[in-house]
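Residues per chain, in single letters:
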Amino acid sequence: MVSSASPARQRRRLVVGNWKMNGDRSANAVLLGALKAAAPFQAQVAVCAPAPYLADVAASLEGSGIGWGGQDCSSHAAGAFTGETSAAMLADLGCRYVIVGHSERRALHGEGDQIVAEKARQALACGLTPIVCVGETLAERDAQRTAAVVKRQLAAAIDLLGADIGKAVVAYEPVWAIGTGRTATPAQAQAVHADLRAALVAANAADISILYGGSVKADNAASLFAEADIDGGLIGGASLQADAFVAICRAAA
Ligand code: PGA
């Protein structure tokens, strides 16, 4: 285990499922039923569902101790933005979290660091916890630019949010590990988390949670979560399987 930039772990343990554009009402009900049956968890647990299902998810999870959230929000507060979902709408549905800057949004929807930071600001303004995603592509890693890329991505959020960065969660998700079955090793992930932690320490936000995401499975979660600066996970594919997701949530205890 690599030593941490912050001396003692006081951060919350958090596991968040990112369902992406998957599910339907009946499959969601089965999945949520299994999660509720396995609750309570020692770690905080949440699922980020597609926006059309959030009302169902809220009704199902209310009172369960499991939180829920959106997968994205607008960088605007309200108005003529067809197809967008505002942070206020997510808050209205009882969301606690919203993912911003997921690499699929960055790559497929052209979202840059500034837009991502503005989305995080909207989330905080509505009382949500933004999960700010950062991560390098394989080409960037091969060019030894990982630290520079993730620090630049995080700096945009720190610059815009100021002290409020302390109310966010950061997720390190190497793009080459997302949905590929190719997980970062615990040491590779910890090295990046330590860099992110150092940047957060400098911003007086040492104690926020930094999640790892990218092919986290039931059999590799515990070794990742044992690292000093890895406080939990952002889970894609495995969050759609109740048994796997429950095992990952328990690994974060
Ligand atoms: P994965 O996705 O667990 O399927 O790799 C993680 C994510 O994209 O958040």
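Reading the values: the criteria
- Residues numbered from 1 in each chain as written.
- Predicted model: local features only at pLDDT ≥ 70, side-chain atom pairs only at ≥ 80, totals over all residues.
- Heavy atoms only, no water.
- Axes fitted to C-alpha atoms, helices over the stretch in contact; angles between N-to-C directions.
- Helix = DSSP H or I, 4+ residues; strand = E, 2+ residues; numbered from the N terminus.
- Left-handed = near helix turned anticlockwise from the far one by under 90°.
- Contact = heavy atoms within 4.5 Å.
- Nonpolar A, V, L, I, M, F, W, Y, C, P; charged D, E, K, R; others polar.
- Pairing = 2+ DSSP bridges.

Engineer: Hey, could you go over the packing of helix α1 (residues 25-38) against helix α10 (residues 242-251) for me, with residue numbers and the actual values?
Structural biologist: Direction vectors running N to C along α1 and α10 enclose 35°, while the axes themselves pass 10 Å from each other. Crossing of α1 over α10 shows right-handed handedness. Along its contact with α1, which presents L31, A34, L35 and A38, the element α10 presents A242, F245, V246 and R250. Looking at the contact of α1 with α10 residue by residue, the class counts come to 7 nonpolar, no polar and 1 charged.

Engineer: I'd like a description of the sheet that holds strand β2 (residues 44-48), backed by residues and values.
Structural biologist: Backbone hydrogen bonds are what pair the strands of a sheet, in a parallel or an antiparallel way. The strand order around the closed barrel formed by 8 strands is β1-β2-β3-β4-β5-β6-β7-β8, and the pairing between neighbours is parallel. Within this sheet the neighbouring strands show an average axis-to-axis angle of 25°, counted without direction. Looking at chain direction, strand β7 (residues 210-213) and strand β8 (residues 232-235) are connected through 2 bridges and run parallel. Along β8, the bridge assignment pairs G213 with L234. Across the sheet, helix α2 (residues 54-61) lies against β2 and β3 (67-70), angled at about 170° from β3, the strand it touches most. Of the strands in this sheet, β4 (97-100) and β5 (129-134) are in contact with helix α5 (residues 113-125), which crosses β5 at around 165°.

Engineer: Would you mind going over the packing of helix α7 (residues 146-161) against helix α8 (residues 186-202) in detail, with residue names and values included?
Structural biologist: At a closest axis distance of 10 Å, the pairing of α7 and α8 adopts a crossing angle of 35°. Where α7 crosses over α8, the two elements pack in a sense that is right-handed. Of the residues in α8, those in contact with T146, A147, V150, K151, L154 and I158 of α7 are V192, D195, L196, A199 and L200. A class-by-class count of the residues in the contact of α7 with α8 yields 8 nonpolar, 1 polar and 2 charged.

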